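The chain contents come next:
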Amino acid sequence: MTGKILVTREIPEAGLRVLDEAGFDVTVLSEAPPAREKLLEAAQGAEGVLSTVTETVDDEFMDAAGDGLKVVSNMAVGYDNVDLGAAKKRGVVVTNTPGVLDETTADVAFMLLLAAARRLGEAERVLRAGRWEWWGPKLFMGPDVWGKRIGIIGLGRIGQAVARRAWGFGMEIVYHNRSRKEEAEKGLGARRMELNELLETSDFVSIHTPLTEDTHHLIGAEELEKMKPRAVLVNTSRGPVVDEAALAGALAAGSIFAAGLDVYEEEPRVHPKLLELENVVLAPHIGSGSIETRDKMAVLAAENIRAVLGGEPPKSPVEG
Ligand code: DGY
């Protein structure tokens, strides 16, 4: 295979090896992330593009690539950065990397949940600043996690991996999802409920729904208002699912206890009010960022390109 492949970011070597061994002419952009102009210039003549969430792959991008473009392989499970309509009208196949990052992302969701509940960020900041004076009977108290109710919004693969962790913590699992998940109901005792009931009754709420028109600002001021005063909200899906300004308001007012976030409305910008608050743990979109998982994502993304350009069905096409 000889086609030109654009890899928009530096990715783990394992993925590049797949493309090199297939004989492609591979260009990797080293700027993190590439400026739009450079990206469009580099896309010219590409038959395959390996993109990430930091690139908007839209009409303009596909026009710049030209008629030879056959596949956009997004190295992420989410693909809200790719315009599926633009791809469809050009016959461009879009693929993503589901399945390989579920457990890793669930680890980060649970890490944020624990850290937000037990105030790890705030406590560590005090210790590092040399302001920790003594053990204290009331020092950095937060709610227990074990035995509490967790409400999972979106019980897909990642949501279910979070549910398995919650089960290990003896938590009661409730979920809100378009379809019933009988396996999780049988295996983990998960119970399906309407969003409002989940918000009103859960001690922890973890979001695992993709970003679509329907889920944009799914959690806003009204929904936050419904949550318990000691509730903790965790978001590792996509930033715009939560109205960040409303969340900052709820956290500042103490109408919920804390939040743990890995994703933001306008990455890498974080709402300035969130940065001022002690009761929110902030991670820079590292949900799938284990060494093993990023290798697997890069390999799967590369294999999808190889398959499409080799005339075979891709392993994980996005249904547009
Ligand atoms: C995903 O896979 O969608 C993660 O957010 C990383 O981009």
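Here the structure is a predicted model, which is why all the values come from computation and not from measurement. (Residues numbered from 1 in each chain as written. Predicted model: local features only at pLDDT ≥ 70, side-chain atom pairs only at ≥ 80, totals over all residues. Heavy atoms only, no water.)

Draft legend 1. Representation of the sheet that holds strand β5 (residues 93-95). Across the sheet, 5 strands lie side by side as β2-β1-β3-β4-β5; this open sheet has parallel pairing. Lying at the two open borders of the sheet, with one neighbouring strand each, are β2 (25-28) and β5. Averaged over all neighbouring strand pairs, the angle between strand axes comes to 15°, with direction disregarded. Sheet topology note: the strand β4 (residues 71-74)/β5 ladder contains 3 bridges and is parallel. In the sheet register, V71 faces β5, and the bridge partner there is V93. (Pairing = 2+ DSSP bridges. Helix = DSSP H or I, 4+ residues; strand = E, 2+ residues; numbered from the N terminus. Axes fitted to C-alpha atoms, helices over the stretch in contact; angles between N-to-C directions.)

Draft legend 2. Here's a closer look at the packing of helix α5 (residues 102-117) against helix α7 (residues 157-168). Close contact between α5 and α7 brings their axes to 8 Å; oriented N to C, the two are set at 55°. Here α5 lies oblique to α7, going by the angle between them. In the crossing of α5 with α7, the sense of the turn from one axis to the other is right-handed. Between α5 and α7, the residues in contact are D102, E103, T105, A106, D107, A109 and F110 and R157, I158, A161, V162, R164, R165 and A166, respectively. Split by residue class, the contact of α5 with α7 holds 7 nonpolar, 1 polar and 6 charged. (Parallel < 35°, antiparallel > 145°, perpendicular 65-115°, else oblique. Left-handed = near helix turned anticlockwise from the far one by under 90°. Contact = heavy atoms within 4.5 Å. Nonpolar A, V, L, I, M, F, W, Y, C, P; charged D, E, K, R; others polar.)

In short, geometric facts, not functional conclusions.
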